[in-house]
Structure formats: C-alpha cells, structure tokens
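Coordinates in review
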Amino acid sequence: MIWHFNIVDMTVEVRLHKNFKERMFFANQAYQKLNALQELSMDITGKDLETKKVQTILEEVISIFSGDKAAMMLAEGDYLYFAGLNGVDNTESSGKIPIGEGISGKVFESKEPILVADLSKDPKFNERELEKFYHRSFMSVPLKVKGKLLGVLNVHSKVPNVFNEEDLQIFSTFAVQTATAIVNNRLFFELQQSENRLKLTNNELEQTLLELKKTQNQLVHSEKMASLGQLVAGVAHEINNPANYISNGIEEISDNLGRLKETIYQIRPQGERGDKFISLFSEVLSTKNDLLPLLQEGSQRLKEIVRALRNFSRHDEAPVKNVDLHEGIDSTLAILQEKFNSIRVLKEYGELPPVSCKPAEINQVVMNICSNAAYAMNQLTARMPVFKISTSKNKDSVVLEFSDNGEGIPKKDQEKIFDPFFTTKDIGDGTGLGLSISYQIIKDHDGDLRFESNSNGTKFMIELPV
Ligand SMILES: Nc1ncnc2c1ncn2[C@@H]1O[C@H](COP(=O)(O)OP(=O)(O)O)[C@@H](O)[C@H]1O
Ligand SMILES: [Mg+2]
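Residues numbered from 1 in each chain as written. Chains lettered and ligands numbered in written order. Predicted model: local features only at pLDDT ≥ 70, side-chain atom pairs only at ≥ 80, totals over all residues. Heavy atoms only, no water.

**Quick word on the overall build of the protein chain**
A tally of helices and strands in the protein chain yields 10 helices and 13 strands. Across the 466 residues in the protein chain, those meeting the buried criterion constitute 36%. Considering only contacts within the protein chain whose residues lie at least 6 apart along the sequence, 64% involve residues at least 24 apart. In the form shown here, the protein chain has an accessible surface area of approximately 28,900 Å², with 54% of it arising from carbon and sulfur atoms. (Helix = DSSP H or I, 4+ residues; strand = E, 2+ residues; numbered from the N terminus. Buried < 20%, exposed > 50% of the residue type's maximum accessible area, 1.4 Å probe, protein only. Contact = heavy atoms within 4.5 Å. Areas by Shrake-Rupley, 256 points an atom, 1.4 Å probe, with all protein chains shown as cover.)

Structural data, given as structure tokens:
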C-alpha cells in the first residue's frame, strides 16, 4: 500500500514538477517578450515616429509573437488608415477602413482587445469575413492611453493557435506604451511647430523693431528738418525787411550827406570863421565817410546771410528741385562761418550741371559733414587747420569731396560712425544722428556717401546721380 501510495505520490510529484517547469518556461518567455517590447517602446517615446520606426515596431511584434503580419492603424475622422503594414503577405487592402467595420474597425469602436485562436472555428466571424480574412489566428488591440483612443495594433498568423491569452495581455500592455509614445510624439511635434512659430514671430518682431528704429530716425530727422526749416525761414523773413530798410537807409544817408556837403560849400560863410567852420565840417564828414562803407559792407553781409538762410531752408520751394549745389555749399558755409573762423577753406569747384534733389536735405548733409570737420579741426594744436572742398562731374554723377586735416577717425570707430546715436562727442556737443541721417538722405537720393580717414585727416564724399 505504502509502496503504491508512494508511486501515486511520485506520479503526482513528477506531474507537478513538470507543470511547474512548463509554467516557469512560459513565464520566462513572457518576461522576455515584455522586456523586448518595453525596450522598443522606450525607443519611440518622445522621439519622432517615422514610418521607419513604425516598421521596426511591427517587425519586432511579428518576431516576438511569431506572427506573419502586423499592422498599425491610426484614426482620422471616421476612418482608420494604415500607419504601417509589415509582413510576408500584403494581399489585403492598405486603404482606409471605416470605424465599426472589419475586425480593426470593431476593436477600435469597442475599445476591447480581441484574440482569435482559430478564425475558422470562431462563431463570431461569418463566411464573408472568413473569405476576406485569409489568416487563421490574430490579435487586435486598441491603441489607447488615458482614455484617448488613437488606433489599433494587429498581429496575424496563417497558422492557427499561435497566440494565447498571455500574449494578448503582453500585446495590450505594449499597445499602451506605443500609444503613449505616439501621444508624446504628437506633443513633441506640436511643440516643435509652436517653437518654429515662436521663432518666426520673434524674427518678425526683430524686423519690426529694426523698421521702427529706422522710422524713428527718419521722424527725428524730418521733425528736426521741418522745425529747423520753419525757424530759419521765419528768421530770414523777419530779418529781411529791417535789412532792406537799413541798406536803403544807408544809400539815402549817403546821398543826403553828399547834397549837404554841396550846399554847405555853396553857402560857405566868408572869413576866418568860415574857414574854421569848413575844416570842422570836413573833419566830421570824413569820419562819416569812413563809417559809411563799413555800414554798407555790414548791410551787404546781412543780405547775404538772409539769402543763405533762405537757400538753406528752401522753405518756400518744392521738395525736389534742380539746383546749383555750389550755392548750397556756400550757403551752408556762410551759416557755419563762426565755426570756420580760424580754418583755411579752399574751394576747387568744377563744372557742375544743375542737380535734381531735395536741396534742403542735401544742405543738411553738407552742413553735418562740414560741422563734423570743423569740430575735428578745431581740436588741432599741432598744425594749421585746412579744409578743402572740391567738386567734379563723372559720366552720370556728381561728386562732392570734403577733406579736413583733423586727426581722423580711429579704426575701431570707422564701422560705427553711420550708426544712429554713435558719437564720440560730449553730451550737448553731439547727438550721433548726423551721419546716420545723412547716409539715409543720400541713399534716398540713390546716391552714395563714403569716407576715407587716417591720422592726417578725413575725407567725406557725396556722390549724386544726374
Ligand atoms: N571729419 C571727422 N573727423 C573725425 N571724426 C569724425 C568726423 N566726422 C565724423 N566723425 C566721427 O563720427 C561720429 C558720428 O558723427 P555724427 O553722426 O555726425 O554724430 P555727432 O556729430 O553728433 O557726433 C562723431 O562723433 C565722430 O566721432
Ligand atoms: Mg555730426
């Protein structure tokens, strides 16, 4: 009995042992499958989900579950489309499948995974579906994460009973990871897109800022020009009338004095008292005569200044005009006369045709170049300041050159002098706007503003088309 018992016992033990070994073997297999899939889904998490990657996933799914074919379908509107299809047999359509139709459509709709061990023995599938569906066993699991349904993942085999419940569980777990990866991937893509949009907006903003700065400069320039022009024109007008009275008055006084002299000589009293009177009168008269030419000269100068101011502002003229540029230069120098008091000015004017331009603006450029030059030369201690202005005509342009013998512009500053607000002068002496505005003005005239500079001096050249 005992022996018999033992045998039974042994048999049970052996059976149990065999069972245990089998279970261990399957558990180990399942673990390995899960591990492989885990690694695979890590690989796609957060990165771009290209077709190549989808193909890799499907290949791995086929190899891990020993299937023949795998497919990933993603939802778009009312349809599922093939994001990837991998396997030996591609006879099935790879077009769109309406949600709710076909196995994948049903799995998507029900959100429940399906395992079919043998299609031909499964009562859920009718003849029609069997005809269409040439595989014998398959698993189809929804791709969902946190309640969000993205699509379906399928694996098929021509051989029946290839997949079991354990496989379905592993496949479902993998589907969650894949869905997470897809969502991450979409988020990543959206993030990238919004980053690109941000970059674009940033560029636009920078561009706008640049334009704003330019406009601001132009505004400052036109504002300054407008008010300066108005001021100058107003002053010129106000001075013009009294200057005319004075010059007319001086002529009249001079005439009157002449007549007075004649009359006095005619009615000159006789005798010693008469001689004394005449000599006194002559003396007074000669002082007056010395004074008169001075007065005349002063009044002439006044008239010139008025003319220069008017010429400079050109307030009463159309903005674009054919002008004599020499006149503009002379007027500008007359206005800046005080700054050029101790500077020798040499003019080498060539033959220039009338140039079509905005004279008020060109005068402003000349004024700025000349006052910069005067400023540089007034700092000189070691040599006598000399300023040379030469003009010439080329084939289809005119060139105005302004050369000073100041100490020049240091190399490191040379690329900055046309920048708005770049100045080396003290506050109050310079705004740093002169050359940037000048550059803009000359560019607006389709011309060119250049310079050369070294420690012996600086030469600015204005070239204007004719
Ligand atoms: N002829 C020149 N000689 C030396 N430096 C010059 C000369 N012209 C311009 N510069 C330099 O260029 C700078 C910018 O000139 P500008 O734009 O006219 O502004 P600002 O005269 O108000 O300083 C000056 O501060 C000066 O450093
Ligand atoms: Mg200046």
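**Topic: the layout of surface pockets**
Counted as a void, the largest pocket has a volume near 1,200 Å³. For the lining of the largest pocket, the secondary-structure elements that each account for two or more residues are α5 (165-266), α8 (359-377), α10 (434-444) and β13 (457-465). Tallying contributions element by element places α8 first for the lining of the largest pocket, with 10 residues. Here the lining of the largest pocket is composed, by residue class, of 18 nonpolar, 16 polar and seven charged. Taken domain by domain, the lining of the largest pocket gets at least three of its residues from each of domain 2 (201-316) and domain 3 (317-466). (1 Å grid on protein atoms, 1.4 Å probe; cavity = no way out; pocket = protein on both sides within 12 Å on 5 of 7 lines; lining within 4 Å. Points joined across faces, edges and corners; volume = space filled by probe spheres on them. Nonpolar A, V, L, I, M, F, W, Y, C, P; charged D, E, K, R; others polar. Domains from an automatic or database assignment.)

**Notes on the packing of helix α7 (residues 325-335) against α8**
Direction vectors running N to C along α7 and α8 enclose 50°, while the axes themselves pass 9 Å from each other. Considering their axes alone, α7 and α8 lie oblique with respect to each other. Here α7 and α8 pass one another in a crossing that is right-handed. Residues Leu325, Gly328, Ile329, Thr332 and Leu333 of α7 form the contact with α8, whose own contacting residues are Ile362, Asn363, Val366, Met367 and Cys370. The class makeup of the residues in the contact of α7 with α8 is seven nonpolar, three polar and no charged. (Axes fitted to C-alpha atoms, helices over the stretch in contact; angles between N-to-C directions. Parallel < 35°, antiparallel > 145°, perpendicular 65-115°, else oblique. Left-handed = near helix turned anticlockwise from the far one by under 90°.)

**Re α10**
Among the residues of α10, Leu435, Ser436, Ile437, Ser438, Ile441 and Ile442 are the ones counted as buried. Once α10 finishes, Asp446 follows within two positions and takes phi at roughly 60°, a positive value.

**Notes on the site of ligand 1**
Contacts to ligand 1 come from 19 residues, most closely from Thr423, Thr424, Lys425, Gly432 and Leu435. In the model, an oxygen atom of ligand 1 is placed 3.4 Å from a nitrogen or oxygen of the Asn368 side chain. Note that an oxygen atom of ligand 1 is positioned 2.9 Å from one of the side-chain N or O atoms of Asn372. The pocket occupied by ligand 1, as judged from atoms lying within 2 Å of grid points, is the largest pocket. (Near = heavy atom within 4 Å. Polar contact = N/O pair within 3.5 Å; in protein donor to acceptor, adjacent residues only side chain to side chain. Sits in = over half its atoms within 2 Å of the grid points.)

**Details of the confidence of the model for the protein chain**
This prediction gives the protein chain a mean pLDDT of 82; 83% of its residues lie at or above 70. With pLDDT under 50 throughout, residues 1-10 is counted as low confidence; its partners more than four residues away or in other chains account for zero contacts. (pLDDT = per-residue confidence, 0-100.)

**Looking at the sheet that holds strand β10 (residues 386-393)**
The strand order β8-β10-β11-β13-β12 describes an open sheet built from five strands, whose pairing is mixed. In the strand order of this sheet, the two ends are held by β8 (344-348) and β12 (448-454), each with one partner. Averaged over all adjacent pairs, the angle separating strand axes in this sheet is 15°, with direction ignored. Relative to β13, strand β11 (residues 397-404) is paired through eight bridges, and the arrangement is antiparallel. By the bridge assignment for β13, Glu401 is matched with Met461. Those strands touched by α10 are β12 and β13, and its axis lies near 140° from that of β12. (Pairing = 2+ DSSP bridges.)

**Overview of the coordination of the magnesium ion (ligand 2)**
When a metal carries six donors in an octahedron, the ideal angles between them are 90 or 180 degrees, while four donors in a tetrahedron ideally lie at 109.5 degrees. Within the protein, the atoms that donate to the magnesium ion (ligand 2) are Asn368 (OD1) and Asn372 (OD1), at distances of 2.4 to 2.5 Å. Residue Asn368 and its partner Asn372 are both found in helix α8; the two are separated by four residues, about one turn of the helix. By relative accessible area, Asn372 is classed as partly exposed at 22%. (Donors = N, O, S within 2.8 Å, 3.2 Å for Na, K, Ca; no water.)

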